[in-house]
Amino acid sequence: MPSTLNLPQAARRSLVDSAIDLIRTQIETGRWKVGARIPKEAELAEMLQVGRNTVREAVRVLSHAKVLEVRQGDGTYVRLNVDPAEVMRRVAHASLRDHFELRALLETEAARRAAARRNDGDVARLEALLEARGERPQDGDLAGFIERDIAFHVAVAQCGDNAALAELYRYFALSLHGSTSTALSDGALPEPDLAAHRRVVDAIRQRDESGAADAARAIVGPILDALGRIETAPGS
């Protein structure tokens with residue numbers, strides 16, 4: 001069992017959230033290792049300087065996230081040394097540039113794998129989604145256009161026959177939806193045209209892996225360039 005130690009007092013922003021953060025820190029830093037039993041509820045309450053109800057709720061949340069495992073009559077044990085929900089929260093709060101850099105990596109690899117593993121049905125689906133996407137409207141339903149664009153790129157990822165890659169890409173694409181919509185509405189970010197997307201589909205159809213990767217990278221490149229100019233502009 002981990003030795004008793006004094007932890008920083010939980011902040012008042014939210015006692016439960018602060019207790020969760022402090023417990024998570026002990027796990028992420030390796031002070032409490034996977035398989036170890038954490039201090040008992042009363043001891044944790046004293047260490048964190050919060051009430052036992054707060055500790056109980058923090059443990060419940062981390063148990064639900066599969067980070068902790070409560071064994072009735074035995075104690076609470078560390079199950080994972082990383083909280084998947086917290087990782088996704090941190091990723092979601094990263095900068096727009098960080099998101100698009102990661103999107104570029106995912107789209108490049110997704111297109112490469114799609115070219116290697118696609119079937120005829122995949123190509124037909126991409127063609128239909130690309131036609132539905134069309135060009136960016138000069139005015140009108142920008143939100144609908146972004147949704148159609150996301151549907152196309154998610155389909156490219158799904159063609160690669162890698163469920164993890166497809167779901168990861170889908171998460172990032174949807175998490176960017178709001179910020180992308182705002183940036184496009186303000187004219188701050190360029191939207192690659194239909195021809196740029198057509199080159200991705202053509203390369204996938206031809207099973208040209210490097211060509212598909214290059215075409216996918218070319219789609220995100222102008223957006224990253226624009227974000228770089230925004231970040232280095234005076235007063236930004």
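Preceding this section is the structure that the text describes.
Keep in mind that what you see is a predicted model, and the values were worked out from it rather than measured.

Next up on the list: the overall build of the protein. Summing up its helical and strand segments, the protein has 11 helices and 2 strands in all. When the helices and strands of the protein are read in sequence order from the N terminus, they spell out α-α-α-β-β-α-α-α-α-α-α-α-α. Evaluated residue by residue, the protein yields a buried proportion of 39% over its 236 residues. Long-range contacts, defined here as pairs at least 24 residues apart, represent 69% of the contacts in the protein between residues at least 6 apart. Working note: accessible area of the protein is about 12500 Å², and carbon and sulfur atoms make up 50% of it.

Turning to the pattern of salt bridges, a few remarks are in order. Tallying each qualifying case throughout the model produces 21 salt bridges. Between Glu127 and Arg198 there is a salt bridge, with its nearest N and O atoms 2.7 Å apart. Here Glu127, found in helix α6 (residues 120-133), pairs with Arg198, found in helix α10 (residues 194-205); they are 71 residues apart in sequence, far enough to count as distant. Exposure remark for Arg198: the relative accessible area of 31% places this residue in the partly exposed category. Between Glu127 and Arg205 there is a salt bridge whose closest N-O contact spans 2.0 Å. Here Glu127 is found in helix α6, whereas its partner Arg205 is found in helix α10, with 78 residues between them in sequence. Members of the salt-bridge network, linked through shared partners, are Asp21, Arg24, Glu28, Asp83, Glu86 and Arg90.

For the rest of this paragraph, the subject is empty space enclosed by the protein. All told, the structure shown has 2 cavities of 30 Å³ or more when counted by the stated rule. A volume near 60 Å³ is recorded for the second largest cavity. Considering the residues around the second largest cavity, the lining is formed by Glu107, Ala110, Ala111, Phe152, His153, Val156, Ala157, Tyr169, Val200, Ala216 and Ile219. Mapped by element, the contributors of at least two residues to the lining of the second largest cavity are α5 (96-117), α7 (142-159) and α11 (209-232). Looking at the lining of the second largest cavity, the element that brings in the most residues is α7, giving 4 residues. Each residue belonging to the lining of the second largest cavity can be placed in one class, and the counts come to 9 nonpolar, 1 polar and 1 charged.

Before going further, it helps to examine the packing of α5 against α7. Where α5 meets α7, the closest approach of the two axes is 6 Å, and the angle between their N-to-C directions is 55°. Regarding the angle of α5 to α7, the classification is oblique. Note on packing geometry: the crossing formed by α5 with α7 is left-handed. Contact residues: Arg103, Glu107, Ala110, Ala111, Ala114 and Arg117 in α5; Asp149, His153, Val156, Ala157 and Cys159 in α7.

Here we come to unusual backbone geometry. Despite not being glycine, Gln49 shows a phi value in the positive range, around 60°. Looking at where Gln49 falls in the secondary structure, it is placed in the loop between α2 (41-48) and α3 (52-64). Overall, Gln49 belongs to the partly exposed group, its relative accessible area being 47%. With a phi angle near 55°, Asp161 is a residue other than glycine that sits in the positive phi range. Tracing the backbone shows Asp161 in the loop between α7 and α8 (163-175). For Asp161, a relative accessible area of 64% translates into the label exposed.

Estimates place the volume of the largest pocket at around 270 Å³. Together, 16 residues line the largest pocket, and Lys40, Glu41, Val70, Gly75 and Thr76 are the ones closest to its centre. Looking at the lining of the largest pocket, the elements with two or more residues in it are α2, α3, β1 (68-71) and β2 (75-78). Top contributing element to the lining of the largest pocket by residue count: α3, with 3 residues. When grouped by side-chain class, the residues that make up the lining of the largest pocket number 6 nonpolar, 4 polar and 6 charged.

Attention now goes to the nonpolar core. The biggest cluster of nonpolar side chains holds 27 residues, and the ones touching the most others in it are Phe100, Leu126, Val156 and Ile204. Secondary-structure elements contributing two or more residues to this core are α5, α6, α7, α10 and α11. With 9 residues, the single largest contributor to this core is α11. Within the second largest apolar cluster, 19 residues are counted, among which are Leu44, Leu48, Val55 and Val59.

Thresholds applied
Residues numbered from 1 in each chain as written. Predicted model: local features only at pLDDT ≥ 70, side-chain atom pairs only at ≥ 80, totals over all residues. Heavy atoms only, no water. Helix = DSSP H or I, 4+ residues; strand = E, 2+ residues; numbered from the N terminus. Buried < 20%, exposed > 50% of the residue type's maximum accessible area, 1.4 Å probe, protein only. Contact = heavy atoms within 4.5 Å. Areas by Shrake-Rupley, 256 points an atom, 1.4 Å probe, with all protein chains shown as cover. Salt bridge = Lys/Arg side-chain N within 4 Å of Asp/Glu carboxyl O. 1 Å grid on protein atoms, 1.4 Å probe; cavity = no way out; pocket = protein on both sides within 12 Å on 5 of 7 lines; lining within 4 Å. Points joined across faces, edges and corners; volume = space filled by probe spheres on them. Nonpolar A, V, L, I, M, F, W, Y, C, P; charged D, E, K, R; others polar. Axes fitted to C-alpha atoms, helices over the stretch in contact; angles between N-to-C directions. Parallel < 35°, antiparallel > 145°, perpendicular 65-115°, else oblique. Left-handed = near helix turned anticlockwise from the far one by under 90°. Core = buried A, V, L, I, M, F, W, Y, C linked by side-chain atoms within 4.5 Å.

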